[in-house]
Amino acid sequence: MGAAVSVREARKTYPGGVEALAGVSFDLSPGTFAALLGPSGCGKSTLLHLLGALEKPTSGSVAVDGHDLAALSEAARDDYRLRRAATVFQLYNLLPTMTALENVALPLLLDGLPRPEAEARAEKGLAEVGLSARKDAFPYELSGGQMQRVAVARALAPRPALLLADEPTGSLDSRSGAQVLDLVGELVAARGVTVVLATHDAAAAGRASRVLRLLDGRLVDG
Amino acid sequence: MRGLGPLLAPLLLRPLRRDRLRFALTVSGIAVGVATVAAIRLANSSVLSSFSRTVDLVAGKASLTVLADGPGIPEGTLERLAWVRSQGVSLVPALSVTAALGTPDGEVVELLGVDPLSDGSARDYRFASGPRALADAFAVFEPGAVLVSETFAARHGLSRGSPLPLLAGGARRSLHVAGILRAEGVARAASGSLLVADLATVQEVAGRAGWLDRIDLVLPDGAPGAFRDRLAEEVRASLPPTLTVGRPERRNETVDRMVRSFRVNLTALGLIALLVGTYFVYNTVSISVLRRRADIGTVRGLGASARAVFAVFLLEGAALGTLGSLLGVALGTLLARGALAAVGGTATDFYLAAPPPAFRADAGVLLFSFVAGVVASTLSALAPAAEAARVAPAATMRHGSVEAARRRTTRPLALLGLVLLALAAAATRPGPVAGLPVFGFASVFLVVAGASLLAPLAVTAVARRADRPALALLGVEARIARANLTGSLSRTSVAVAALAMGVAMMVAVAVMVGSFRGTVEQWVSQTLKADLFAAPESGRAGRSLGRIPQDALDLLERIPGVAEVDAFLSFEATRDGIPYTVGCGRLEAIARRGNLPMADGRDPRAVAAEALARGEALVSEPFATRFGLGRGDVVRLPAPGGEVPVTIAGVYTDYSNDRGTVTVDRALFRRLFGLDGASSAAIYLSPGVDPEEGRRRVLAALHGRFAIAVRTNATLRAAALALFDRTFAITYALDAIAVAVAVLGVFNTLVALVLERQREIGLLRVLGASAARVERAVRLEAAAIAALGTVLGLAQGGAMAWVLVHVINVQSFGWTIRMEVPGRFLAFSLALVLAATLLSALHPARLAAGTDPAAVLKEE
Ligand SMILES: Nc1ncnc2c1ncn2[C@@H]1O[C@H](COP(=O)(O)OP(=O)(O)O)[C@@H](O)[C@H]1O
Ligand SMILES: [Mg+2]
């Protein structure tokens, strides 16, 4: 079951006066695939950090399933990231010192699953992204597209309600980029996961059921 | 180099100001290593140069000197050489003895006995007050007159006529100052602590009537070298082979040999301390490169060449080395001064009873220590500087691939390590080179190098095998730690190797010293059986000076309650300039008591009885090793009349003298060398007499006539072990330094790793790992490094200990010691090392926990 997201008048001002977000409000119902579209520097990553409980808004609120993230304790936010909200970045998502399988199994182990179970689920996840054969490869042995697919498998392994993807195809060629996005679309649809996909690429935003346009820290034409 | 200048400020100077503590730590790490090397060598060179100056000053204008291989030169030799006078050559006899002032401070002095009529032709005397000429000085005063230097007089508040109490030859003598010499010529010998007296006075004081210890030959002015050489030949021909003639300086060679092993061993330890110190530089420069990766990329993007970047970081290493070495040389000078002031340093304490040497800042030694520090530091900056030069312009590296390339070298490296270990084993076979365990040291070095090369494989192999059990037992943090360990192999394996080296040094030295102590303790309890031990009082000298007179020995035997007196008497002999000791004891007493353990395990009673019956000798183990002689071989003893061949009946263990001793029965000794009295005497009390009571009786009987120290068995044993512990205190200090440096190295590595892995730590936090878990992962990683380093260090240290005990020790000192593992001490020290390493992980772990994921993840 996907998460319900509710953002109200969220502002983020960084020390030094940069206003990355200047009052953003929107709601996402569970299972929505939303694209966050805007040019570089408009505040996409900042908004995803707020949604991932990595940062707190300067004012306003960010709530997931009715819980204001800023009000959560440190431990509850760790738990939120572990079980509810998964993130995929543009680059360097994987721990370079672990194999693909170990990377995917890591969040499950963090959640306290015994190793055999965690690894079985991780293998299944890798199979879903078509990388069973590469499970013992280290990240530097994988192509960019393969790395991102491992990252997707790892993000979905703990069965999150919310997937935050920050330009996940930004450094891939268009073909493997499309491949990754297809995969994400397929997997989240089956699970009903709510997705926020940040991108500056209108084509990538095409697969979304809802598009949020961000410009200079504000949402334009809803 | 072109393009270097603009890089200095951003890459070197500004960071230096920001990171003062880390740089200060590094500088002090180098400083300690350099200081250790400098102090050891400075103290040594001061002792030697002080001695050789004395030799030169006492030799004065003499071109040739007759010396004895045996106990001395009979006075009659002067008559035998009288013919040289017809060639315009002066014969100048002298006898010098070491004595102590009879004042409470017991300062050690050198007493030189001269012939007032002839001595002026060899040595320079300038009077500050008193008589004008040497001949007058002793003519005016009755026996007991001495001349002192003005510095000595000032130090002790002496003037003409002042009484001067002296402890010599087991008695208190009352001398008096007859004149004061200016601090020139011979008066500067023995750092000014030289007393000059009439020959007869010194012979009487030392109980050596009829003996000289040198005859100097002063050639006519302008005599050519050929004349000297021919004269030397003729003099040699007219003397028995136990008297040698040659340049006076040859005494220096003998003394140098006495302290050489000790010096070389300490220097080797010092160099290891320096080696560990350079590890600091490696680490610091590595961290600098790491922290400045982005800056390096930027300046490279702006056009700085890779060579310029390389040069900057090499310069950082050189600069740290220069600072540390300068500081180290200064610190070493202070340390050496301190060591010399305290009883003249161990070397003199042990090997030379002589006045405390003056400190001399040997420029060669200072330069050597300084250059060693700078070169070692610069070399250790090579690898990180090369790493810096490889940073691509304005690009981020895929950390994983660099490390992966390095992971592929673990097997070849380990193979090379095994080859080095095999070579280390082979290097234990050859004997010493010029009396020094050169191959032994090479073996220790090869063990260190070989084990270090095995470290990467050890890390990966253990990490692979321990992964699953650790995961099950300790949780997912263990897997994170494992991934980090193998993922940053180039850093973690260096930390493991460095820690292993520190631990190995500790283990090796602890086992060596522990084995030695255990062996000596047992030997002491086997040989020191008597109730009381007597030796001449010798003030502050570390060992006894002179001899107990025969009268005193006779007196001892008549004291009620004394059952038996076993006197030991010895003199220092040389053979081809190599020093050794000739001594005697009552073989009959050994045959009865068996208190002289044999090196081959035979029954000492039987061996001593056999030697007594056949007039044979027993030799100490160091003697046998050093001269390559054993049971059944013949030694030639330097009797005044000529060499006397004596067969060796057996080899006994002896840890009191590494020069080696030949022991014969007292009666034979007296017949061969015409000496009596005793260097020391063991006193057995009648049954039922309490040792303390016996000591009181002996002291009471000796009181007023003799100055003889009497110690009970318990006190002497304690003193022997205390001397032992004092001698080895410095090795423990070096040890502690090595371990401390290694632990700091782990700390440095962990800090570097945490900084390097900021992004990965951020990722872990995004995946939902709490700060506490991140912290725990770093601690587990430290624990793994500590455990691996300790285990590797134990194995490496065991091998090093074996080489130290069975190769270096035997080749340096000639005695065998039983290997003994001081379990409790080792367990305690290892626990300490482990605890220190874990404690050192606290800060880097907190640093990791404090990493802000949002900040590090946006840096893309
Ligand atoms: N930690 C920060 N400190 C200061 N300024 C920041 C920080 N993070 C982002 N910014 C600024 O906020 C603005 C929005 O950044 P970001 O959210 O990364 O944009 P996007 O992801 O859309 O490119 C930019 O101007 C950026 O420079
Ligand atoms: Mg962004």
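Sequence order sets the numbering: in each chain, residues are counted from 1 along the sequence as written. To read the labels, note that chains go from A and ligands from 1, taken in the order they are written. At least 70 in pLDDT is required for a residue's local features to be given in this predicted model, at least 80 for side-chain atom pairs to be given and counted, and no such filter applies to totals for whole chains, interfaces and linings, which use all residues. Think of the side-chain values as coming from all heavy atoms in the structure, minus any hydrogens and water.

### Focus: the overall build of chain A
Next, step 1: Scanning chain A for helices and strands turns up seven helices and 10 strands.
Next, step 2: Over its C-alpha trace chain A gives a radius of gyration of 17 Å, about what one expects of a compact globule, namely 17 Å for 222 residues.
Next, step 3: Referenced to the eigenvectors of the C-alpha coordinate spread, the extents of chain A come out at roughly 45 × 40 × 35 Å.
Next, step 4: A buried classification covers 55% of the 222 residues belonging to chain A.
Next, step 5: Contacts spanning at least 24 positions in sequence make up 72% of the contacts within chain A whose residues lie at least 6 apart.
Next, step 6: Neither His nor the chain ends is counted toward charge; the positive residues are Lys and Arg and the negative residues Asp and Glu. Where a charge lies is defined by one atom per residue type, namely NZ (Lys), CZ (Arg), CG (Asp) and CD (Glu). If the 23 positive side-chain charges of chain A are averaged to one point and the 25 negative ones to another, these points end up 2 Å apart. Note on conventions: DSSP H or I runs of at least 4 residues are helices, E runs of at least 2 residues are strands, and numbering of each starts at the N terminus. All radius of gyration figures rest on C-alpha atoms, and the globule criterion is 2.2 Å times the number of residues raised to 0.38. When accessible area is computed with a 1.4 Å probe and restricted to protein chains, residues below 20% of their type maximum are described as buried, those above 50% as exposed, and intermediate ones as partly exposed. Contacts are residue-level and defined by heavy atoms, with any inter-residue pair within 4.5 Å sufficient.

### A word on the sheet that holds strand E6 (residues 85-88) of chain A
All names here are of chain A.
Next, step 1: Criterion used throughout: strands pair if DSSP finds at least two bridges between them. Strand order in this open sheet of six strands is E6-E7-E8-E3-E9-E10, and the pairing throughout is mixed. Single-partner strands in this sheet number two, and they are E6 and strand E10 (218-220). When the angles between neighbouring strand axes are averaged without regard to direction, this sheet yields 25 degrees.
Next, step 2: In the sheet, strand E9 (residues 210-215) pairs with E10 via three bridges, with the strands oriented antiparallel. Within the sheet, the bridge partner assigned to Arg213 lies in E10 and is Val220.
Next, step 3: Axis geometry follows a simple rule: fit a line to the C-alpha atoms, using only the stretch in contact for helices, then measure angles between N-to-C directions, giving values from 0 to 180 degrees. Its contacts with the sheet put helix H5 (residues 144-156) on E6 and strand E7 (162-166), and the angle it makes with E6 is roughly 175 degrees.

### Thoughts on the domain arrangement of chain B
Size of an interface, as often reported, equals the accessible area lost when the parts are brought together.
Residue and element names in this part refer to chain B.
Next, step 1: For the purposes of this description, domain bounds are those given by an automatic or database domain assignment. Domain annotation for chain B reports domain 1 (1-60 + 271-397), domain 2 (69-247), domain 3 (399-529 + 718-860) and domain 4 (549-705).
Next, step 2: Distance between the C-alpha centres of domain 2 and domain 4: 30 Å.
Next, step 3: For the pair domain 2 and domain 4, the two sides together bury roughly 940 Å², of which 62% comes from carbon and sulfur.
Next, step 4: Throughout, the accessible surface (probe 1.4 Å) given up by two parts as they are put together, summed over both, is called the buried area. The three residues of domain 2 that bury the most area against domain 4 are Asp69, Pro71 and Thr242, which together make up 51% of that side's buried surface.
Next, step 5: The salt bridge definition used is simple: a Lys or Arg side-chain nitrogen within 4 Å of an Asp or Glu carboxyl oxygen. For the pair domain 2 and domain 4, the interface holds zero salt bridges.
Next, step 6: Here a polar contact means two N or O atoms within 3.5 Å. Within protein one must be a hydrogen donor candidate and the other an acceptor candidate, and residues neighboring in sequence count only if both atoms are side-chain atoms. In this assembly, domain 2 and domain 4 are joined by two residue pairs in polar contact (both at pLDDT 80 or more).
Next, step 7: When grouped by side-chain class, the residues that make up the side of domain 2 that touches domain 4 number six nonpolar, four polar and one charged. In this classification, the charged set is Asp, Glu, Lys and Arg, the nonpolar set is Ala, Val, Leu, Ile, Met, Phe, Trp, Tyr, Cys and Pro, and all remaining amino acids, among them Gly, are polar.

### A few points about the environment of Ala70 of chain A
Residues and elements named next belong to chain A.
Next, step 1: Mapped onto the elements, Ala70 comes out in the loop between strand E5 (67-68) and helix H2 (74-83).
Next, step 2: Look at Ala70 and you get partly exposed, because its relative accessible area is 30%.
Next, step 3: Through-space distance from the C-alpha of Ala70 to that of Gly60 is 9.7 Å; in sequence the pair is 10 residues apart.
Next, step 4: Not counting residues up to four positions away in its chain, the partners in contact with Ala70 are Lys56 and Pro57.

### What about the sheet that holds strand E4 (residues 59-64) of chain A?
Residue and element names in this part refer to chain A.
Next, step 1: Reading across the sheet, the four strands line up as E2-E1-E4-E5 and stay open at both edges, with antiparallel pairing between neighbours. Strand pairing shows two members of the sheet lacking a second neighbour, strand E2 (19-28) and E5, which therefore form its edges.
Next, step 2: Examined bridge by bridge, strand E1 (residues 5-13) and E4 share five bridges and lie antiparallel to one another. Residue pairing across strands places Val5 opposite Val64, the latter belonging to E4.

### A look at the interface of chain A and chain B
Next, step 1: On the side of chain B, 33 residues touch chain A, which itself brings 32 residues to the contact.
Next, step 2: Carbon and sulfur atoms make up 62% of the area that chain A and chain B hide from each other, which totals about 3,000 Å².
Next, step 3: Taken together, the links from chain A to chain B amount to four salt bridges.
Next, step 4: With its nearest N and O atoms 3.1 Å apart, the salt bridge here joins Arg765 of chain B to Glu74 of chain A.
Next, step 5: Applying the counting rule to chain A against chain B returns six residue pairs in polar contact (both at pLDDT 80 or more).
Next, step 6: Where the side of chain A that touches chain B is concerned, the elements lending two or more residues are helix H1 (44-51), H2, helix H3 (100-110), helix H4 (115-128) and H5 of chain A.

### Here's the deal with the site of ligand 1
Next, step 1: Any residue with at least one heavy atom within 4 Å of a molecule or strand is counted as near it. Residues in close proximity to ligand 1 include Tyr14, Val18, Ala20, Pro39, Ser40, Gly41, Cys42, Gly43, Lys44, Ser45 and Thr46 of chain A together with Lys858 of chain B, which together make up its full environment.
Next, step 2: More than one chain reaches ligand 1: its neighbouring residues belong to chains A and B.
Next, step 3: Between ligand 1 and Cys42 of chain A, the relevant distance is 3.2 Å, taken from an oxygen atom to a main-chain nitrogen or oxygen of the residue.
Next, step 4: A distance of 2.5 Å is found between an oxygen atom of ligand 1 and a side-chain nitrogen or oxygen belonging to Thr46 of chain A.

### Focus on the packing of H3 of chain A against H4 of chain A
Residues and elements named next belong to chain A.
Next, step 1: Remark: H3 packs on H4, axes separated minimally by 8 Å, with the N-to-C direction vectors making an angle of 125 degrees. The angle between H3 and H4 falls in the class oblique. Considering only the axes of H3 and H4, their crossing is right-handed. Side by side, H3 and H4 meet where Ala100, Leu101, Val104, Ala105, Leu108 and Leu109 of the first sit next to Arg115, Ala118, Glu119, Arg121, Ala122, Glu123 and Leu126 of the second.
Next, step 2: Here the residues of the contact of H3 with H4 sort into nine nonpolar, no polar and four charged. Orientation is classified from the angle alone, with under 35 degrees giving roughly parallel, over 145 giving roughly antiparallel, 65 to 115 giving roughly perpendicular, and any other angle giving oblique. Should the near helix be turned anticlockwise from the far one by less than a right angle, the crossing is termed left-handed; should it be turned clockwise, right-handed.

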